[in-house]
Amino acid sequence: MRVIGNIEMYVGKIEQITESVKRFYLYPSDQKLLPAFTGGAHITTYVDLGDNILEREYSLVSHPTDRTHYAISINRDPHSRGGSAYWHDHIKVGDKVISSFPKNHFTLGFHAKHHVFYAAGIGITPFLTMMEELEAQGKTFELHYAARTKEACAYHDYLHEKYPGKCTFYFSRSDEPQRMTPETMKNQRIGSHVYFCGPVAMVSEYKEAALSYGYPEKSIHFELFAAASGENNPFLVEVINHNKVIEVNPEQTLLEALLDAGIEAPYSCKAGGCGQCEVDVVEGEVDHRDIFFSDEEREQKKMILTCCSRAKEEKLVLKL
Amino acid sequence: MFKSTNLDLFTFPFTNFKNKTYRYSNDLVALSEDKVNFMKITPEYKVQIKRKREMLEEQPEVRYQSFPHTMEMQWEFVELLIDLSINKYPEHFSVEKDGDQWTFTNHILGETETFIFGDESSLSLEPYDMIGRHFHNDFMLMVNRDDNFYLEVAQESFAALFSPNWNLGMSFNEIHGPVPFVSRDGVELTDRIRKFLLTIEPGAPRTRVNWNLMADRWDVNYETMDIWGPERDKVTAENAGKLVHLRVEEQWFIRMPRSNAILFVLDTQFLPLEDLVLRPEWLETTYFNLADIPDYMAEYKGMAPFLPQSVEYLENLMNSMKVK
């Protein structure tokens, strides 16, 4: 059983799921069993581009206890930072990819009486394994899934057949356009947990709505695609216990600047959603761009998520 | 009582300290690939296993506890232990797999376990309890739910103010409630470590070394405090060398990918203070550390009733060596 390190994989098969979504099947080069995982888990993939490494996180869409291979589904994002475009245009069967162990920052609520999933577009991916788990455990759930059209809706037929009566689809560009709204959360019984996956704006909207309807914070779960953007100001960061002052330029995140300076800063999702990169702030105002901290936590605690948040003014003093 | 006889396998705890002073801190460090396998067969293996099993027989509820929903997690643990043991000691352990029919052999003890992997009805003990009895370590499974860890399976025979019976179901913060330490900026150490544990991912295990002193006893749990509590007062500066043991816990923190839990493994080792003469540099370091322990820490660790005597013993021992 594997315990440490990353796993060398090769691409064994590529399937076109919709016009813009491809499913990649990854097999371990050493033929040994892979770690099983839990619903909602993802891997970090590393592709060697020669002059640098393409590092991206993708939800696993293969069965959590199938240890012969992993599968990921990637949407070719027209605004791609290079990741999805590279995977779509250059990755072919036989290529080598390094994978992390499966990690999960988007787990099912253990105490939930009922699970309600809201997916926008490719945000469907983590829910595929979560529903697999719940079905096996005989627990109740429902899916609300928005896409532009039925044809662009990845895994539509699979979901429709596998979970009859549990999935509601919303196609915004069909003959009778339908819009998915947070309102459906109002009708859930107490004890229900809600889960959102999609672009930042969608997740923020649903999270705010759920709170306003009275959902306890622990019943609200979400995962993001990418960090919220804003104007990227340059600033200085002093790391007191490392005796270093580092410049963070507009092209890089605080996290990247820390890592470049040789400081072993923690991180995981790089999207302001998991909280792994939290660092203590000793001095300076933080421009919080994550959706991990609540407003209350932002006021009370002197913390920053280095993957996306920045300094409000010229300088921050951190301790890590 | 047993002690480490091969000092090369003994984990001396005060190797990374500043100014000859020991203080609590978040000291979990990343494991390197060659250190990740926690299996360790020492000359004391048979004695330890015998005693561990006696304890599990004498007080089964006190020593082993689990929740019914943990069966799949238990099998993940079984697979891990069997694989690690065979990897490190192929001469001592082996397994044959015929589909789900597994036969695990412990060649040191001449024992065989045959079972259907994934089917707990094929065993007389729970899977975790069964495989744990082949190794001297204590094993705790802390399951990650929401933003905390909950003790859901535990097998233990070297308790330091801990008991599976008492602590089952408690969160990390509840179990560590008595930890008296607050950082300079007012954050509780326990809560900081909880947050740190959340960052331990599958594939990136961590380790730390904990230590304590114990008076003529390897195991102090809540259920037997009436016995060991008064024993702590027997210690004098004359007999501390034999009675008082430096207790070292080498700890591993491994995130289990299917269970989404942290497996907490303890390798507990003992060295009577008198054996520190075998390594004079250890003797001196131990003396300086113990002489400087603040009262609140001695109280928390349960060593307050015999710490002054132990320090006096070590001081006399050092002086006598200098005289020679």
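Parameters at a glance
Residues numbered from 1 in each chain as written. Chains lettered and ligands numbered in written order. Predicted model: local features only at pLDDT ≥ 70, side-chain atom pairs only at ≥ 80, totals over all residues. Heavy atoms only, no water. Helix = DSSP H or I, 4+ residues; strand = E, 2+ residues; numbered from the N terminus. Rg over C-alpha atoms; globule rule 2.2 N^0.38 Å. Buried < 20%, exposed > 50% of the residue type's maximum accessible area, 1.4 Å probe, protein only. Contact = heavy atoms within 4.5 Å. Lys, Arg positive; Asp, Glu negative; His and termini not counted. Charge placed at Lys NZ, Arg CZ, Asp CG, Glu CD. Core = buried A, V, L, I, M, F, W, Y, C linked by side-chain atoms within 4.5 Å. Buried area = accessible area lost by both parts, 1.4 Å probe. Salt bridge = Lys/Arg side-chain N within 4 Å of Asp/Glu carboxyl O. Polar contact = N/O pair within 3.5 Å; in protein donor to acceptor, adjacent residues only side chain to side chain. Phe/Tyr/Trp six-rings, centres within 6.5 Å; stacked < 30°, edge-to-face > 60°. Lys NZ or Arg CZ within 6 Å of the ring centre and 35° of its normal. Pairing = 2+ DSSP bridges. Axes fitted to C-alpha atoms, helices over the stretch in contact; angles between N-to-C directions. Expected span 1.5 Å × (residues − 1). Left-handed = near helix turned anticlockwise from the far one by under 90°. Nonpolar A, V, L, I, M, F, W, Y, C, P; charged D, E, K, R; others polar. Domains from an automatic or database assignment. Right-handed = clockwise from strand over helix to strand, strands pointing away.

An unreviewed UniProt entry lists chain B under the name DUF3445 domain-containing protein, with Bacillus badius as the source organism.

The name given to chain A in an unreviewed UniProt entry is Flavodoxin reductases (Ferredoxin-NADPH reductases) family 1, with Bacillus badius as the source organism.

Considering the overall build of chain B
From N to C terminus, chain B includes 12 helices and 10 strands. Relative to a compact globule of 324 residues, whose C-alpha radius of gyration would be 20 Å, chain B shows 20 Å and is just as compact. Counting only C-alpha atoms, chain B reaches 65 × 45 × 40 Å along its principal axes. Burial status across chain B gives 57% buried among its 324 residues.

Quick notes on the overall build of chain A
Scanning chain A from terminus to terminus reveals six helices and 18 strands. Since a compact globule built from 320 residues should have a radius of gyration of about 20 Å, the 20 Å found for chain A is in line with a globular shape. In terms of principal-axis extent, the alpha carbons of chain A reach across some 60 × 50 × 40 Å. Counting only residues that meet the buried cut, chain A has 52% of its 320 residues in that class. Of the contacts formed within chain A by residues at least 6 apart in sequence, a portion of 65% connects residues at least 24 apart. Averaging the coordinates of the 34 positive side-chain charges in chain A and doing the same for the 45 negative ones gives two points 5 Å apart.

Considerations on the nonpolar core
Residue and element names in this part refer to chain B. Ranked by size, the top nonpolar core spans 40 residues in total, and within it Phe38, Leu81, Phe115, Ile131 and Leu263 carry the most contacts. Sorting the residues of this core by element identifies helix H1 (45-58), helix H3 (71-88), strand S4 (101-106), helix H4 (127-132), strand S6 (138-145), strand S9 (244-256) and strand S10 (261-272) as the ones contributing at least two each. The contact partners of Phe115, leaving out residues within four places of it in the chain, are Trp75, Val78, Ile82, Asp100, Gln101, Trp102, Phe104, Ser122, Leu123 and Met130.

Structural notes on the interface of chain A and chain B
On the chain B side, the residues contacting the 27 residues of chain A number 30 residues. Sorting the residues of chain A by area buried against chain B places A:Met1, A:Val3 and A:Ile4 first, and these three jointly supply 32% of that buried surface. Summed over the shared surface of chain A and chain B, the number is three salt bridges. The shortest N-O distance in the salt bridge between B:Arg258 and A:Glu133 comes to 3.0 Å. Remark: the boundary between chain A and chain B carries seven residue pairs in polar contact (both at pLDDT 80 or more).

Some details on unusual backbone geometry
All names here are of chain A. Positive phi values are uncommon outside glycine, yet Asn243 reaches one of about 55°. You can see Asn243 is positioned in the loop between strand S12 (235-239) and strand S13 (244-248). According to the relative accessible area criterion, Asn243 is exposed, its value standing at 73%.

Considerations on the packing of aromatic side chains
The full count for this structure, using the stated rule, is 34 aromatic pairs over all chains. Geometrically, the ring pair formed by B:Tyr64 and B:Tyr128 is tilted, given 6.2 Å between the ring centres and 40° between the ring planes. In this pair, B:Tyr64 is assigned in strand S2 (residues 64-66) and B:Tyr128 in helix H4, connecting sequence segments 64 residues apart. Grouped by ring-pair contacts, the aromatic residues A:Phe106, A:Phe117, A:Phe127, A:Phe141, A:Tyr163 and A:Tyr195 constitute a single cluster. Here the basic side chain of B:Lys301 rests over the ring of B:Trp211, its NZ or CZ set 4.4 Å away from the ring centre.

Quick look at the sheet that holds strand S16 (residues 303-305) of chain A
Residue and element names in this part refer to chain A. Pairing within the open sheet is mixed, and its five strands lie in the order S13-S12-S18-S14-S16. Among the strands making up the open sheet, the edge pair consists of S13 and S16. Taken pair by pair, the neighbouring strands of this sheet meet at an average axis angle of 40°, ignoring direction. One ladder, built from four bridges, connects S12 with strand S18 (residues 315-319); its direction is parallel. Considered in S18, the bridge of Leu236 is made with Lys315.

Some remarks on helix H4 (residues 200-212) of chain A
Residue and element names in this part refer to chain A. If you check H4, its first and last C-alpha atoms are 18 Å apart, about what 13 residues at 1.5 Å a residue would give, namely 18 Å. Among the residues making up H4, those that are buried are Val200, Met202, Val203, Tyr206, Lys207, Ala209 and Ala210. Where the residues of H4 are buried, they touch strand S7 (114-120), strand S10 (192-198) and strand S11 (220-224). A positive backbone phi angle near 100° is found at Gly214, which sits one or two residues after H4.

Description of the packing of helix H10 (residues 280-291) of chain B against helix H12 (residues 307-323) of chain B
Residue and element names in this part refer to chain B. It is at 10 Å that the axes of H10 and H12 come closest, and there the two elements cross at 145°. Of the two elements, H10 crosses H12, and the hand of that crossing is left-handed. Only Leu307, Val311, Leu314, Glu315, Leu317, Met318 and Met321 of H12 make contact with H10, whose side of the interface consists of Pro280, Leu283, Glu284, Thr286, Tyr287, Leu290 and Ala291. Class assignment for the residues of the contact of H10 with H12 results in 11 nonpolar, one polar and two charged.

Side note on the domain arrangement of chain A
Once the domains are mapped, chain A shows domain 1 (7-99), domain 2 (114-224) and domain 3 (235-319). Distance from the C-alpha centre of domain 1 of chain A to the C-alpha centre of domain 3 of chain A: 29 Å.

A look at the pattern of salt bridges
Should their charged atoms come close, side chains of opposite charge can pair. Residues and elements named next belong to chain B. Applying the stated criterion across every chain yields a total of 31 salt bridges over all chains. Lys40 is the partner of Glu250 in a salt bridge, and the nearest nitrogen-oxygen pair spans 3.8 Å. You can see Glu250 sitting in strand S9 and its partner Lys40 sitting in the loop between strand S1 (29-30) and H1, a full 210 residues away along the chain. When sorted by exposure, Glu250 lands in the same class as Lys40, which is buried.

Considering the pairing of S10(A)
Residue and element names in this part refer to chain A. The buried fraction of S10 amounts to seven of the seven residues, a majority that puts the element mostly inside the structure. Along S10, one buried face is formed by Ser192, Val194, Phe196 and Gly198 and the opposite face, lined by His193, Tyr195 and Cys197, is buried too. Two elements, S7 and S10, share six bridges in a ladder whose sense is parallel. Paired with His114 across the two strands is Ser192, which belongs to S10. Handedness of the crossover joining S10 and S11 through H4: right-handed.

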